[in-house]
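# Structural overview
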Amino acid sequence: MFTLNLGPQHPATHGVLRVKMTMDGEYIRRAEPVPGYIHRMHEKMGENRTWAQYLPNTSRVDYLSAMHYTHAYVGVVERALGLKPPPRAEYIRVITSELNRISSHLVWLGAFLLDLGGFTPLLYAFDDREKILDLLEGITGARLTYCYYRFGGLCNDVDDTFVRGAQEFVAYMRPRLSMYQTLVTDNIILQKRLVGIGLITSEQCRKYGATGPVIRGSGVAYDVRRVEPYSVYPELDFDIPVFPEGDSMARYRVRMEEMAQSLRIIEQALARLPDGPVMAANVPRVLKLPAGDYCYAVEAARGRFMVRIVSDGGEVPYRVKLRTPSFSNLSLFEETSRGLLLPDAIALLGSLDLVIPDVDR
Amino acid sequence: MKVPLRDLGRGLWSLLSGMRVTLGQFFKPTVTVHYPHQALKMPPRFRGHIELVRDPETGKAICYACKLCERACPSDCITVEGVKLEGDKKKSVTEYRLDFTKCSLCGACVEACKSNAIRFSHEYNLAGRSKEQFIMDLFKRLEAEGK
């Protein structure tokens with residue numbers, strides 16, 4: 001029996017997550033995650049700046065799905081003000097959010113396979129992701145921390161170059177997904193590393209509040225886009241991929257299938273993209289939210305992300321609470337990793353798709 | 001340990017199909033650029049650090065130190081000073097200090113500006129050896145450019 005430290009800086013933790021492991025040879029007796037190394041007080045920062053000044057923060061909590069996080073924050077302020085963004089803005093929000101979901105899953109794919117010892121897929125994944133980043137950089141001006149949505153709309157409209165580029169990307173990405181199927185999913189080494197490894201039951205997901213691909217990989221069709229529909233998602237036709245096995249392979253398959261579904265959403269939204277303004281006309285210059293307690297949840301790449309704000313009627317929030325999916329997804333690691341071999345625990349940790357700034361925020 | 005023959009076959013097949021994908025990639029053009037020798041062009045909306053805009057008619061900065069950007073900035077990295085010259089209706093800017101060490105390039109200042117007096121630059125090669133290099137006076141920069 002000995003204690004093994006995984007991290008804070010370890011190639012398999014992609015950030016500064018530390019896992020304190022009590023080992024019995026190669027087997028894990030107890031693995032205790034120690035978060036907090038990259039805590040940046042994002043919630044507290046919300047209490048000393050105006051509603052609009054908090055916007056850039058939302059892109060930096062989970063830097064891989066910045067669009068979703070900004071969407072949730074913008075959505076909650078719009079809900080409090082009773083603002084309704086114009087339809088064009090809503091459609092562009094959906095398109096950019098889904099592009100962001102694919103890019104986030106591609107980073108996960110590369111990093112996850114890197115954890116498992118396969119270097120090549122990372123380069124393929126980053127090549128594809130680069131195309132999304134170029135598209136989004138063209139309209140937002142940034143590659144990662146987009147800060148593109150505004151209360152009541154968007155900061156600027158998309159042009160034809162973006163629409164054409166997105167259509168081309170959808171056409172380009174479909175064969176790439178089947179390439180990943182041949183190169184990675186069907187690979188026997190990957191199958192042996194993932195099938196039946198790191199079982200998570202739906203009961204455990206419920207107990208720890210795990211959401212996103214983790215709960216969908218355990219057979220529960222929980223997706224915020226379906227259970228609490230927001231934006232224009234109810235008008236679009238897409239499936240929620242669910243795999244009941246609960247192992248790392250199921251979570252892998254959920255994400256791969258989700259990319260295909262996101263492509264479907266983008267295609268439909270592009271076809272329906274209405275004309276018109278991208279900013280609501282009645283947005284007040286100085287924002288003062290009516291006193292009260294408001295919530296808004298979105299389906300981020302890692303699961304349910306919810307913002308809860310409390311306003312006392314002033315220009316500055318009274319409280320901003322961020323419910324981040326990575327934190328809940330990490331919390332079940334201790335229970336599920338008991339008795340696993342160390343390399344299998346790395347596969348489990350990777351399949352949870354953690355973003356450490358999102359855990360600590 | 002005896003390896004089942006089926007596993008051996010599957011292993012060989014997945015190895016070969018993986019190799020086929022890699023081989024296909026081998027004949028495709030390079031996707032990266034050789035950075036210091038070649039550089040990509042930044043898109044028009046690229047958010048670099050901000051810079052002052054010159055009025056094409058007068059040749060001076062449009063900014064009249066209304067300090068809206070200073071108030072909009074979430075990180076307090078902008079300090080604007082201006083004086084009212086004799087005969088002018090508006091103030092003119094004399095100092096526009098940007099503390100780029102604190103800037104997160106959110107663009108709140110550019111959006112707050114009513115007279116389009118600031119814009120994003122397309123500069124991204126901004127490595128430096130000291131902190132002082134990133135505390136820049138944009139007004140002096142504009143003056144120096146004019147000379």
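Residues numbered from 1 in each chain as written. Chains lettered and ligands numbered in written order. Predicted model: local features only at pLDDT ≥ 70, side-chain atom pairs only at ≥ 80, totals over all residues.

## A few points about the overall build of chain A
Applicable threshold: Per the convention used, a helix needs a DSSP run of H or I reaching at least four residues, while a strand needs a run of E reaching at least two, with both numbered from the N terminus. Using C-alpha atoms as the atom set, the radius of gyration is obtained and then compared with a globule rule of 2.2 Å times the number of residues to the power 0.38. Three exposure classes are used, based on other C-beta atoms lying within 10 Å of a residue's own C-beta, which is placed from the backbone: buried for 20 or more, exposed for 12 or fewer, and partly exposed in between. Residue pairs are scored as contacts if the distance between their C-beta atoms, which are placed from the backbone, is within 7 Å.
Of regular secondary structure, chain A possesses 15 helices and eight strands. The C-alpha atoms of chain A give a radius of gyration of 20 Å, which matches the 21 Å a tight globule of 361 residues would have. Along the three orthogonal principal directions, the C-alpha set of chain A runs to about 65 × 45 × 30 Å. Residues counted as buried form 49% of the 361 residues belonging to chain A. A sequence separation of at least 24 residues applies to 71% of the contacts in chain A between residues at least 6 apart.

## Section: the overall build of chain B
Each helix and strand counted, chain B has four helices and five strands in total. Mapped in sequence order, the helices and strands of chain B form the string α-β-α-β-β-α-β-β-α. Taking the principal axes of the C-alpha coordinates as reference, chain B spans close to 95 × 30 × 30 Å. Within chain B, the fraction of its 147 residues that count as buried is 17%. Across chain B, the fraction of contacts at a sequence separation of at least 24, relative to all contacts at a separation of at least 6, is 71%.

## Re the packing of helix H6 (residues 160–185) of chain A against helix H1 (residues 5–26) of chain B
Counted only if it meets this: Angles here are taken between N-to-C directions and fall from 0 to 180 degrees, while the axes themselves are lines fitted to C-alpha atoms, restricted in helices to the stretch in contact. Between 65 and 115 degrees an angle is taken as roughly perpendicular, under 35 as roughly parallel, over 145 as roughly antiparallel, and anywhere else as oblique. Amino acids are sorted into nonpolar (Ala, Val, Leu, Ile, Met, Phe, Trp, Tyr, Cys and Pro), charged (Asp, Glu, Lys and Arg) and polar (every other residue, Gly among them).
Put simply, H6(A) and H1(B) touch, their axes get as near as 8 Å, and they point 135 degrees apart. In terms of their interaxial angle, H6(A) and H1(B) are classed as oblique. Along the contact surface, H6(A) presents A:Met179, A:Thr182 and A:Leu183, while H1(B) presents B:Ser17, B:Gly18 and B:Val21. A per-class count over the contact of H6(A) with H1(B) returns three nonpolar, three polar and no charged.

## What about the interface of chain A and chain B?
The figure often quoted for interface size is the accessible area lost as the parts come together. Listed by partner, the interface residues are 21 residues for chain A and 20 residues for chain B. Going through the elements one at a time, helix H2 (55–58), helix H5 (120–140) and H6 of chain A are the ones with two or more residues in the side of chain A that touches chain B. Among the elements that take part in the side of chain A that touches chain B, H5(A) stands out by supplying six residues, more than any other. Broken down by class, the residue content of the side of chain A that touches chain B amounts to 10 nonpolar, seven polar and four charged.

## Focus on the sheet that holds strand S2 (residues 18–24) of chain A
Strand pairing in a sheet relies on backbone hydrogen bonds. The paired strands run either parallel or antiparallel. Residue and element names in this part refer to chain A. The condition that has to hold: The pairing criterion for strands is at least two bridges between them, as found by DSSP.
The three strands are arranged S1-S2-S3 in an open sheet whose pairing can be described as antiparallel. The sheet is open, and its two borders are formed by strand S1 (2–6) and strand S3 (27–34), each paired with just one other strand. Along the sheet, successive strands turn relative to each other by an average axial angle of 25 degrees, direction set aside. Note: S1 against S2, five bridges, orientation antiparallel. Within S2, the position partnered with Phe-2 by the bridge is Met-23.

## Some remarks on the sheet that holds strand S7 (residues 303–311) of chain A
Residues and elements named next belong to chain A. Taken in spatial order, the three strands line up as S6-S7-S8 in an open sheet, and their pairing is antiparallel. Strands with a single pairing partner mark the edges of an open sheet, and in this sheet they are strand S6 (292–300) and strand S8 (319–323). For this sheet the average axis-to-axis angle between neighbouring strands, irrespective of direction, equals 15 degrees. With respect to the sheet, helix H3 (residues 66–81) is in contact with S6 and S7, its orientation differing from that of S6 by roughly 150 degrees.

## Quick look at H3(A)
Residue and element names in this part refer to chain A. This is how it is decided: Residue count minus one, scaled by 1.5 Å, sets the expected span of a helix.
For H3, built from 16 residues, the straight-helix expectation of 22 Å at 1.5 Å per residue is met to within 8% by its first-to-last C-alpha distance of 23 Å. Summarising burial for H3: 15 of the 16 residues are buried, a large majority. Gly-82 lies just past H3 and shows a positive phi near 75 degrees.

## A word on the confidence of the model for chain B
All names here are of chain B. To keep things clear, this is the line we draw: Each residue carries a pLDDT value, the predictor's own confidence for that position, ranging from 0 to 100.
Taken as a whole, chain B shows an average pLDDT of 83; of its residues, 97% reach a score of 70 or greater. Of all the helices and strands in chain B, helix H4 (residues 138–146) carries the lowest mean pLDDT, 76, while strand S4 (residues 118–120) carries the highest, 87. Interface confidence in the predicted complex, given as ipTM, is 0.81; pTM for the same model is 0.88.

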